[in-house]
Amino acid sequence: MISFSNVTKAYDKEPILKNLTMSVDRGEITFITGPSGAGKSTLLKLIYCSERPDNGKISVDNWVVHKLKQRAIPYFRRNIGIVFQDFKLLDNKTVFENVALALRIHRMDKKALRMATHNVLKEVKMSHKAKDYPPYLSGGEQQRVVVARAMVTKPMILLADEPTGNLDAENTRTIMKLFREINAQGTTVVIATHNEGLYTGSGRRVLVIKDKYIDREMMG
Ligand SMILES: Nc1ncnc2c1ncn2[C@@H]1O[C@H](COP(=O)(O)OP(=O)(O)OP(=O)(O)O)[C@@H](O)[C@H]1O
Ligand SMILES: [Mg+2]
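Heads up: these notes are all about the structure in this document. Note that this is a predicted model, so its numbers are computed, not measured.

Here's the deal with the nonpolar core
- Core analysis: the largest hydrophobic core is formed by 37 residues, its most contacted members being Phe31, Leu121, Val147, Phe179 and Ile191.
- Residue assignment places this core across two domains, with domain 1 (1-79 + 156-220) and domain 2 (88-154) each supplying three or more.
- Setting aside residues no more than four positions away along its own chain, Ile191 makes contact with Ile29, Thr30, Phe31, Ile32, Ala160, Pro163, Met176, Phe179 and Leu198.
- Core analysis: the next-biggest nonpolar cluster, separate from the first, contains 33 residues, Ile2, Leu17, Val65 and Ala192 among them.

Here it is, written out as structure tokens:
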């Protein structure tokens, strides 16, 4: 599903990832870990095509990502849901609108859009706040909406970058449970985190970045 072959990525000539090779199978939940600055976020950005590799090959399903033309990127991204720190909710749109926006881009008709949005808000237990604005929600509630926005299009892949970074233990469990549910519905999930607690005991594959490449693989 996702494959990196000898990928090198440098910022200002300083390689962050070097000859990195890895793959993620369809239907997996995979964790990417490693110390701060190891390149976890960079790896997710390479999958999402918001950073381009200097060398090596990246493919996602049938997409040859390292060769993707700029104009093809928005189409490619329709297959991917993201939960990234720098992709926040829009403060001047309601919870409903924030989630529905992802579907408007897919040009879904109005009735189907309303239904899909309400269904996903129900799944993340935010139906009662559909008309509220993000600044009035708690951190855990906001993150549940972010996850709803990422899953409403039923993406082929969901990428999450430190998805529970600012959350307490209970909200962390809620978000991780949602990822398992999304995964059970067929979405391949990739989670970057430096928090061992997220993957310990998960029984899922954990890829460890060290010295600019995937140094080892373990079971969480
Ligand atoms: N746009 C950029 N320009 C220059 N350097 C960058 C850029 N983005 C990231 N870096 C550098 O690349 C390295 C890897 O960054 P990255 O964000 O991928 O690490 P990370 O493993 O996600 O770390 P953290 O656990 O702190 O989130 C860091 O040294 C960072 O300073
Ligand atoms: Mg990061």
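Let's talk about the pairing of strand S7 (residues 157-161)
- Counting buried positions along S7 yields 5 of 5 residues, so the element is predominantly enclosed.
- Strand direction decides the pairing type here: S7 and strand S8 (residues 188-192), joined by 5 bridges, are parallel. Across the sheet, Ile157 pairs through a bridge with Thr188, a residue of S8.
- Note that the unit made of S7, helix H6 (residues 169-184) and S8 has a crossover that is right-handed.

Re the sheet that holds strand S10 (residues 213-219)
- Taken in spatial order, the 6 strands make up an open sheet running S6-S7-S8-S3-S9-S10, and their pairing is mixed. At either margin of the open sheet sits one strand with a lone partner, and together these are strand S6 (80-83) and S10. Going across the sheet, the axis of each strand differs from the next one's by a mean of 20 degrees, ignoring polarity.
- Bridge count for strand S3 (residues 29-33) against strand S9 (residues 205-210) is 4 bridges, and the pairing is parallel.

A closer look at the site of ligand 1
- Taken together, Tyr11, Ile16, Pro35, Ser36, Gly37, Ala38, Gly39, Lys40, Ser41, Thr42 and His194 make up the full set of residues near ligand 1.
- In this structure, His194 approaches ligand 1 through a side-chain N or O atom, which is 3.4 Å from an oxygen atom.
- When ligand 1 sits alone it has 640 Å² of accessible area, and the protein chains cover 60% of it.
- When residues of the shell around ligand 1 are assigned to their parent elements, the largest contribution, 3 residues, is made by helix H1 (residues 40-48).
- Residue classes in the shell around ligand 1 are distributed as 4 nonpolar, 6 polar and 1 charged.

Focus on the packing of helix H3 (residues 95-105) against helix H4 (residues 110-123)
- With their axes 9 Å apart at the nearest point, H3 and H4 run at an angle of 125 degrees to one another. By the angle between their directions, the pair H3 and H4 is classed as oblique. The handedness of the crossing between H3 and H4 is right-handed. Judged by residue contacts, Val95, Phe96, Val99, Ala100, Leu103 and Arg104 of H3 engage Leu113, Arg114, Ala116, Thr117, His118, Val120 and Leu121 from H4.
- Residues that form the contact of H3 with H4 fall into these classes: 9 nonpolar, 2 polar and 2 charged.

Parameters and conventions
Residues numbered from 1 in each chain as written. Chains lettered and ligands numbered in written order. Predicted model: local features only at pLDDT ≥ 70, side-chain atom pairs only at ≥ 80, totals over all residues. Heavy atoms only, no water. Core = buried A, V, L, I, M, F, W, Y, C linked by side-chain atoms within 4.5 Å. Buried < 20%, exposed > 50% of the residue type's maximum accessible area, 1.4 Å probe, protein only. Domains from an automatic or database assignment. Contact = heavy atoms within 4.5 Å. Helix = DSSP H or I, 4+ residues; strand = E, 2+ residues; numbered from the N terminus. Pairing = 2+ DSSP bridges. Right-handed = clockwise from strand over helix to strand, strands pointing away. Axes fitted to C-alpha atoms, helices over the stretch in contact; angles between N-to-C directions. Near = heavy atom within 4 Å. Polar contact = N/O pair within 3.5 Å; in protein donor to acceptor, adjacent residues only side chain to side chain. Areas by Shrake-Rupley, 256 points an atom, 1.4 Å probe, with all protein chains shown as cover. Nonpolar A, V, L, I, M, F, W, Y, C, P; charged D, E, K, R; others polar. Parallel < 35°, antiparallel > 145°, perpendicular 65-115°, else oblique. Left-handed = near helix turned anticlockwise from the far one by under 90°.

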